[in-house]
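# Examination of the molecular architecture
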Amino acid sequence: MTDDHNTEGPAVVRLAKYTKADLAEILGAGDDPFGVAHTGLTWLPKNVHFGIRREGRLVAHTGLLRLPLSVGGVESEVMGVGGVAVAPDLRGQGLARRVVAAALDHARTMGPRHGLLFCRPPLVSLYRRLGWRPLTGDVQVEQPTGPVLMPLRTMWTPLHEGADWPAGPVRLLSLPM
């Protein structure tokens, strides 16, 4: 798969697999590569992955996972976006924009009307620039001990024309992605 948005640099490709070693190739070794360990949350792995390789090195990634959720008591599905990573030495070159755009292009073919992600507050402005919108209000997510309030910022993006976010309390009916 090539990235139709690509006008410079290597193409975005769909990755057959994505491992901890791949993550370390992008962000380096560390116990908390995304800076969210303090939340104590258990996360689901994504099952569809997109990346950019530069000179053989994986330098950017975004993952997707279809998840059940309830908004205002109405159950539906959402495309969860997560694991967005760009090599620190290559940030500011549009790599996050490119891998997220490729993932969202694919997500649009999968049915759900919305994309959803969770991020640390300092990343809200980045995702706003990429077209994401903050959700107001609390979001519940499942954890092994039962539902908890998501301590990170929740953002959404429409995947289809006219896909406004519905009103009402939001509960992800699974572990977060």
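Residues numbered from 1 in each chain as written. Predicted model: local features only at pLDDT ≥ 70, side-chain atom pairs only at ≥ 80, totals over all residues. Heavy atoms only, no water.

Attention now moves to the overall build of the chain. Tallying secondary structure elements over the chain gives 3 helices and 10 strands in all. Seen in sequence order, the chain has helices and strands lined up from the N terminus as β-α-β-β-β-α-β-α-β-β-β-β-β. Relative to the 2.2 N^0.38 estimate, which gives 16 Å for 177 residues, the radius of gyration of the chain is 16 Å and therefore close to what a compact globule would have. When its C-alpha atoms are laid out on the principal axes, the chain stretches across 50 × 40 × 30 Å. Among the 177 residues that make up the chain, the fraction classed as buried is 47%. (Helix = DSSP H or I, 4+ residues; strand = E, 2+ residues; numbered from the N terminus. Rg over C-alpha atoms; globule rule 2.2 N^0.38 Å. Buried < 20%, exposed > 50% of the residue type's maximum accessible area, 1.4 Å probe, protein only.)

Here strand β3 (residues 57-71) runs beside strand β4 (residues 74-86); their pairing, made up of 11 bridges, is antiparallel. What sits directly across from G63, in β4, is G82. Counted along the chain from β3 to the antiparallel partner β4, the turn is 2 residues long, and its residue G72 has a positive phi close to 60°. Summarising the sheet, β4 and strand β5 (residues 114-119) pair through 2 bridges and their orientation is parallel. For G80, the partnering residue across the bridge sits in β5 and is L116. Of the crossover connections in this fold, the one passing from β4 over helix α2 (residues 95-107) to the parallel β5 is right-handed. (Pairing = 2+ DSSP bridges. Right-handed = clockwise from strand over helix to strand, strands pointing away.)

A few words now on the packing of aromatic side chains. Per the counting criterion, the structure on display carries 3 aromatic pairs. Ring geometry for W156 against W165: centres 5.7 Å apart, planes inclined by 45°, an arrangement best described as tilted. In this structure, W156 and W165 share a single accessibility class: buried. (Phe/Tyr/Trp six-rings, centres within 6.5 Å; stacked < 30°, edge-to-face > 60°.)

So, about helix α1 (residues 20-27). Working note: α-helix, 3.6 residues per turn, so residues spaced by three or four point in the same direction. Residues of α1 that are buried: D22, L23, I26 and L27. Around the axis of α1, the buried residues are gathered within 115° of arc, so they sit on the same side. With respect to the buried face of α1, the exposed residues turned more than 90 degrees away are K20 and A21. Elements that come into contact with the buried residues of α1 comprise β3 and β4. Phi for G28, located one or two positions after α1, is positive at around 85°. (Arc of directions from axis to C-beta. Contact = heavy atoms within 4.5 Å.)

Moving on: the side chain of H106. Relative to the elements of secondary structure, H106 occurs in helix α2. Dropping the residues within four chain positions of it, H106 is found in contact with R14, V48, F50 and L64.

Space inside the largest pocket adds up to approximately 1400 Å³. For the largest pocket, the lining is made up of 50 residues, of which L27, P33, F34, G83 and V84 are closest to its centre. Among the secondary structure elements, those contributing two or more residues to the lining of the largest pocket are α1, β4, α2, β5 and α3 (124-129). When residues of the lining of the largest pocket are assigned to their parent elements, the largest contribution, 6 residues, is made by β4. (1 Å grid on protein atoms, 1.4 Å probe; cavity = no way out; pocket = protein on both sides within 12 Å on 5 of 7 lines; lining within 4 Å. Points joined across faces, edges and corners; volume = space filled by probe spheres on them.)

Taken as a whole, this structure holds 4 salt bridges when the rule is applied. The closest approach of N and O atoms between E77 and R66, which form a salt bridge, is 3.1 Å. Residue E77 is located in strand β4, and its partner R66 is located in strand β3; the two are separated by 11 residues in the primary sequence. Taking the relative accessible area as the measure of exposure, E77 reaches 38% and is therefore partly exposed. Overall, the relative accessible area of 34% leaves R66 in the partly exposed class. Residue R108 pairs with D105 through a salt bridge whose shortest N-O separation is 3.2 Å. Its relative accessible area of 34% is what places R108 among the partly exposed residues. (Salt bridge = Lys/Arg side-chain N within 4 Å of Asp/Glu carboxyl O.)

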